[in-house]
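Close look at the chain arrangement
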Amino acid sequence: MDRKVILCRCEDVTAADVAKAVATGFDSLEEVKRYTGFGTGPCQGKDCLNVVAKHLATCTGRRLESLQPFTSRPPLSPVPLAALAQMPDTPAHDEAPPTPLPPAALPTPRPVASGAPVTATFDIAIVGGGIMGLALAWELAARGCHRVVVLEGKHLAWGASGRNGGGVRQQWSSALNIELMQESVALCRSFSQRLQTNIWMRQGGYLFLAASQARLTRMENNVALQNAHGVGTRMISLKEAQALVPELNTEGLLGACYNATDGIVFPWPFLWGYAAAATKLGVTIHTFCPVRGIDPQPGGGFRLHTAKGVFEAQRLINAAGAWSPQVARMVGVDLPTWPARHEILSTEALKPFLKPMVSVMDSGLYASQSLRGEIVGGITHKEPRESHVQLGSRFAFLQAMGAALTKLMPQLGSVKVVRQWAGPYDHSPDGSPLVGESPEVPNFFLCNGFVGHGFMMAPVVAKHYAAHLCGGPTHPLFRAWRPSRFAEGESLREDWNIG
């Protein structure tokens, strides 16, 4: 096939793009979708799935029927936001299985076993190949700890790290988080130079809006704290907010604050950048390798049983996000964290007009515009405490998001939603993480409970975690976020766990 042939018209994905994805190490349709963007446009893969699958099979030398199609996303066809706002309530639908290929090319499950089990020994094993696990692996290797293995149950960018809005902000209500996120933003800005990967960071700022006096008062107090710690957030009038975003409808709003140096990164290359850089430094990364059991050893260390064999490690880090309670139970630890579904939608591409991330703090609504022009955003829903991860898409979310977004920016009423998806938040009792060695099991380290903010905190948390594990200085975050604080009757409260 000619390398210039366009396989996906919506996203201008060529045969050469698919071949490059394979050469980079991505050989499943889900991974190629994330690498190239095919199937994420208005047709949602309806017109391009089969031709891309055939070319992928050619590039990899695999049989077409061995390729598992990617999961299709609702809505079935693009729907205007204003129409969604008028939809009646409907029940949730669990994430559907992948849309099947035509009968002549029905897929079979991709094998994950690697033949006879082989025992491999490492200094540190990290369960979870999301942004936190991969960033930590790279930071450890950069400090000379190369005998590290990362075990991921799916492909990279499958979980929460590949399903979020990419926001990175310094507007918080505690001194610890403000200072950490100042450092994290700086690490993101230098990412392309340090790890040789473009994460498409753009610092258009965060514009927060308040619709109640109580929220406005808290906003003013938090802005004063941010200023005291060197963050240039400022309270602005609604007229100034409209100058930043002329499309805003300020009816019902009381005030706003804005920080110009907050920003957004593209989640997928962020993960891939850490993974590639860690691999170059000797880290072993296994995808499609779920951990099925963990045996703490009498003399110390752990044996991890997976579909790809047995792995041994002296120290074990639980970086499994919303799946962390299941991992912890394998070593006899009960975590107080739990998963909750968070949904996001993306619209058709528009001419660039929205520079900052915009968020209404009272409702949890947030929206930004991607470099390709889509409006990407979500809204807070009170979620029941779940015992397992739910990734279903719900019309109730589309309705709430459509109503809130068209009220805030009425001109978006005719803009069509192209796709919707869900990712799991990793909740903790006080909304703050659990970080450090487990009090119950020596050498079992936790890195959990970041709610929806592990993505933006990963660079700085991984930096200080790796330093701690390598015998360096212990950052104050380990005291504040220690797992034992709940048993000690202490909890933290972060007022700005949003967006």
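Here we summarise the structure given alongside this text. Residue numbers here run from 1 along each chain, matching the order of that chain's written sequence. Only residues with pLDDT of at least 70 get local features here, since the model is predicted, and only at 80 or more are side-chain atom pairs given and counted; chain-wide, interface and lining totals rely on the full set of residues. Heavy atoms throughout the structure, all of them, feed into the side-chain values; hydrogens and water do not.

Some points on the packing of aromatic side chains
The cut-off we apply is this: Classification of ring pairs rests on two measures: the distance between centres of Phe, Tyr or Trp rings, Trp counted by its six-membered ring, which must be within 6.5 Å, and the angle between planes, read as stacked under 30 degrees, edge-to-face over 60 and tilted in between. Whether a residue is buried, partly exposed or exposed follows from its accessible area with a 1.4 Å probe, protein chains only, as a fraction of its type maximum: under 20%, in between, or over 50%, in that order. In this description a helix means any DSSP run of H or I spanning at least four residues, a strand means any run of E spanning at least two, and both kinds are numbered starting from the N terminus. In this scheme, Lys NZ or Arg CZ marks a charge over a ring once it lies within 6 Å of the ring centre and within 35 degrees of the ring normal.
For the structure shown, the criterion picks out 16 aromatic pairs. Plain terms: the ring middles of Phe26 and Tyr35 are 5.3 Å apart, the flat faces sit at 40° to each other, and that makes the pair tilted. What makes Phe26 buried here is its relative accessible area of 8%. Aromatic side chains Phe26 and Trp272 sit 5.0 Å apart centroid to centroid with 45° between the ring planes, which places their arrangement in the tilted category. One end of the pair, Phe26, is in the loop between helix H1 (15-24) and helix H2 (29-36); the other, Trp272, is in helix H10 (residues 267-280), and 246 residues separate them in sequence. By relative accessible area, which is 13% here, Trp272 ends up buried. These aromatic residues form a ring-pair network of at least three members: Phe26, Tyr35, Phe266, Trp268 and Trp272. The cationic tip of Lys154 hangs over the ring face of Trp158; the distance from NZ or CZ to the ring centre is 5.2 Å.

Describing the pattern of salt bridges
The following threshold applies: In what follows, salt bridge is the name for a side-chain nitrogen of Lys or Arg lying within 4 Å of a carboxyl oxygen of Asp or Glu.
The final tally for this structure, using the stated rule, is 14 salt bridges. Salt-bridge contacts for Glu139 lead to Arg143; the nearest nitrogen and oxygen are separated by 2.6 Å. Arg143 sits in the partly exposed class, given a relative accessible area of 35%. Here Arg482 ties to Glu490 by a salt bridge, and the two come within 2.7 Å at their closest N and O atoms. On the basis of relative accessible area, Arg482 is assigned to the buried category, the value being 8%. Residue class for Glu490 comes out partly exposed when judged on its relative accessible area of 32%. One salt-bridge network, held together by shared partners, links Glu11, Arg372 and Glu374.

Digging into the packing of helix H6 (residues 175-189) against helix H13 (residues 454-469)
Under the convention used in this document: Axis lines are fitted to C-alpha atoms, over the contacting stretch for helices. Their N-to-C directions set the angle, which ranges from 0 to 180 degrees. The scheme is simple: roughly parallel for angles under 35 degrees, roughly antiparallel for over 145, roughly perpendicular for 65 to 115, oblique for anything else. By definition in these notes, contact holds between two residues if any of their heavy atoms fall within 4.5 Å. For this classification, Asp, Glu, Lys and Arg are treated as charged, while Ala, Val, Leu, Ile, Met, Phe, Trp, Tyr, Cys and Pro are nonpolar and the rest, including Gly, are polar.
Two elements in contact, H6 and H13, have axes whose closest approach is 8 Å; the angle formed by their N-to-C orientations is 95°. Classified by the angle their axes make, H6 and H13 are roughly perpendicular. The residues of H13 that touch H6, namely those facing Asn177, Leu180, Met181, Glu183, Ser184, Leu187 and Cys188, are Met456, Met457, Pro459, Val460, Lys463 and His464. Tallied by class, residues from the contact of H6 with H13 come to 8 nonpolar, 3 polar and 2 charged.

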